[in-house]
Amino acid sequence: MSIRSEAGSGVTSRHAGNLFAATAVHRDGDGNSLHAPVLVLNASYEPINVCAARRALVLVLKGVAMTEEENGHFLHAARVAMRVPSVIRLLEYRRIPHQSRALSRKNILLRDRNTCQYCAAVLASSELTLDHVIPRSRGGSSTWENLVACCHTCNRRKGNQFPTEAGMKLMREPRAFNLHTSRHIMRLMGRSDDKWRKYLFY
Ligand SMILES: [Zn+2]
């Protein structure tokens, strides 16, 4: 697989994992500047992904992307020092499918930001389960629109009932995870980074 196609697959399939992995590592501090999150822009300046600085540097070195903003750190390797990017931009425009993310437990939890959609508790992934809004036993399907993050307490309380029957209400209508959702998460991450701001808040 070439670097070029890797850049594309990162956008469509590994995007979700990248976002959270990158935030977690970033908090470790300067020693991990190679893991710091880098905002990836399409050739059109549209934000499309977040990746680790190490990967961003590879994309720049391969001529797939160029650095738009630096993060202030240097990478020292052999006799060269490279400025670590904070924002890169792909040199060639990539078409991003708007509806490409796989339906998975991980992606549902990411979409719902690890928040129980009934009681609003924010929990670790291990403390959340997936709830079928329309219970499976009553014809509910396993789709983006019928699955939500749910804490065990709410899940037990709801049982095989419709939310209304259990006197429960969804925080919001579940929807497929799309680029709009991704951009929202990028905005949340970018709130602390001035260099990302101008690309994300428009
Ligand atoms: Zn709950």
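Cut-offs used in this document
- Residues numbered from 1 in each chain as written.
- Predicted model: local features only at pLDDT ≥ 70, side-chain atom pairs only at ≥ 80, totals over all residues.
- Helix = DSSP H or I, 4+ residues; strand = E, 2+ residues; numbered from the N terminus.
- Buried ≥ 20, exposed ≤ 12 C-beta atoms within 10 Å, placed from the backbone.
- Contact = placed C-beta atoms within 7 Å.
- Pairing = 2+ DSSP bridges.
- Axes fitted to C-alpha atoms, helices over the stretch in contact; angles between N-to-C directions.
- Core = buried A, V, L, I, M, F, W, Y, C linked by C-beta atoms within 7 Å.

(A) Spatial organisation of the overall build of the protein chain. Scanning the protein chain from N- to C-terminus turns up 7 helices and 6 strands. Helices and strands in the protein chain line up, N terminus first, as α-α-β-β-α-β-β-α-β-β-α-α-α. Expressed as a percentage of its 202 residues, the buried residues of the protein chain come to 29%. Across the protein chain, the fraction of contacts at a sequence separation of at least 24, relative to all contacts at a separation of at least 6, is 59%.

(B) Just the sheet that holds strand β3 (residues 65–77), in detail. Taken together, 4 strands build an open sheet; the order of strands is β2-β1-β4-β3 and the sheet is mixed. Pairing within the sheet leaves two strands with one partner each, and these edge strands are β2 (47–52) and β3. Recorded for the sheet is a direction-independent mean angle of 35° between the axes of neighbouring strands. Two elements, strand β1 (residues 37–41) and strand β4 (residues 80–90), share 3 bridges in a ladder whose sense is parallel. Along β4, the bridge assignment pairs Leu-39 with Val-87.

(C) Examining the nonpolar core more closely. Counting residues in hydrophobic clusters, the biggest one holds 18 residues, and the most contacted among them are Val-38, Leu-39, Val-40, Leu-41, Ala-56 and Ile-88. Of all the secondary structure elements, the ones that give two or more residues to this core are β1, β2, α3 (53–61) and β4. With sequence-adjacent residues up to four places away left out, Val-38 is seen in contact with Val-50, Cys-51, Ala-52, Ala-53, Ala-56, Pro-85, Ser-86, Val-87 and Ile-88. Within the second largest apolar cluster, 13 residues are counted, among which are Tyr-118, Val-133, Leu-147 and Val-148.

(D) Spatial organisation of unusual backbone geometry. The backbone phi angle of Tyr-45 is positive, close to 75°, even though this residue is not glycine. With respect to the helices, strands and loops of the structure, Tyr-45 is situated in the loop between β1 and β2. The exposure class assigned to Tyr-45 is partly exposed, which follows from the 13 C-beta atoms found within 10 Å. Phi angles above zero are rare outside glycine, and Arg-113 is one such case at about 50°.

(E) Looking closely at the environment of Arg-54. The topology assignment puts Arg-54 in helix α3. You can call Arg-54 partly exposed: it has 15 C-beta atoms within 10 Å. In this structure, the C-alpha to C-alpha distance between Arg-54 and Val-38, residues 16 residues apart in sequence, is 9.1 Å. For Arg-54, the residues in contact, after removing those within four places along its chain, are Leu-34 and His-35.

(F) Geometry of the pairing of β2. The element β2 is extensively covered by neighbouring structure, given that 5 of its 6 residues are classed as buried. As paired strands, β1 and β2 are joined by 5 bridges and run antiparallel to one another. Opposite Val-38, over in β2, you have Cys-51 as the bridge partner. Connecting the antiparallel pair β1 and β2 is a turn made up of 5 residues, with Tyr-45 showing a positive phi of about 75°.

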